[in-house]
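Structural overview
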Amino acid sequence: QVQVVESGGGLVQPGGSLRLSCTASGNIVSIAVMGWYRQAPGKQRELVASITSVGRTNYADSVKGRFTIFRDNAKKTMYLQMNSLKPEDTAVYSCNADIQNTYLRRANYWGQGTQVTVSS
């Protein structure tokens, strides 16, 4: 079975940095697009950044210049480097991956989410 697992969240002061990771495992043939989403309490989930299999990236305006998304295809792992963190970045961050498995089924898979809290 395909699984997506996230790690790297925690508590950080404003202006600090965190790096999140997301690793996919299982009977995977290919991963087309991977992305990071976040959801704050009482708010809708929003796309933070995404990256294709060939490295093309997109970012939400609110994180441009502060966050960087990248991936290691050999490790089936995606990262989100978050710098100059602000209190408004506080949210549960979730990984999403568009994956085709060995049964030729293609679907989106979600990680369990990791909490990022930015507070002084």
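As the structure is a computational prediction, the values presented were derived from the model and not from experiment.

What counts, and at which threshold
- Residues numbered from 1 in each chain as written.
- Predicted model: local features only at pLDDT ≥ 70, side-chain atom pairs only at ≥ 80, totals over all residues.
- Heavy atoms only, no water.
- Helix = DSSP H or I, 4+ residues; strand = E, 2+ residues; numbered from the N terminus.
- Rg over C-alpha atoms; globule rule 2.2 N^0.38 Å.
- Buried < 20%, exposed > 50% of the residue type's maximum accessible area, 1.4 Å probe, protein only.
- Contact = heavy atoms within 4.5 Å.
- Salt bridge = Lys/Arg side-chain N within 4 Å of Asp/Glu carboxyl O.
- Core = buried A, V, L, I, M, F, W, Y, C linked by side-chain atoms within 4.5 Å.

Looking only at helices and strands, the chain features zero helices and eleven strands. When the elements of the chain are put in sequence order from the N terminus, they spell out β-β-β-β-β-β-β-β-β-β-β. By the compact-globule yardstick of 14 Å for 120 residues, the chain fits well, its C-alpha radius of gyration being 14 Å. Its C-alpha atoms give the chain principal-axis dimensions of roughly 50 × 25 × 25 Å. When burial is assessed residue by residue, the chain has 42% of its 120 residues classed as buried. Within the chain, residue pairs in contact and separated by at least 24 positions form 55% of the contacts whose partners lie at least 6 positions apart.

Here we come to the pattern of salt bridges. Enumeration over the complete set of coordinates arrives at five salt bridges. Salt-bridge contacts for E46 lead to R38; the nearest nitrogen and oxygen are separated by 2.8 Å. Note that R66 and D89 form a salt bridge whose closest N and O atoms lie 2.8 Å from each other. Taken together, the residues span a long stretch of sequence, with R66 in the loop between strand 6 (57-59) and strand 7 (67-72) and D89 in the loop between strand 8 (77-82) and strand 9 (91-101) at a distance of 23 residues. Of the two residues, R66 and D89, both sit in the buried class.

A word on the nonpolar core. Core analysis: the biggest nonpolar cluster contains 31 residues, and W36, L80, M82, Y93 and I99 have the highest contact counts within it. For this core, the secondary structure elements donating two or more residues are strand 3 (18-25), strand 4 (28-39), strand 5 (46-52), strand 7, strand 8, strand 9, strand 10 (106-110) and strand 11 (114-118). Counting residues per element, this core draws most heavily on strand 9, at five residues. In this structure, I99 is in contact with V2, V4, A24, I28, S30, I31, R105, R106, A107 and Y109, ignoring residues within four places of it in sequence.

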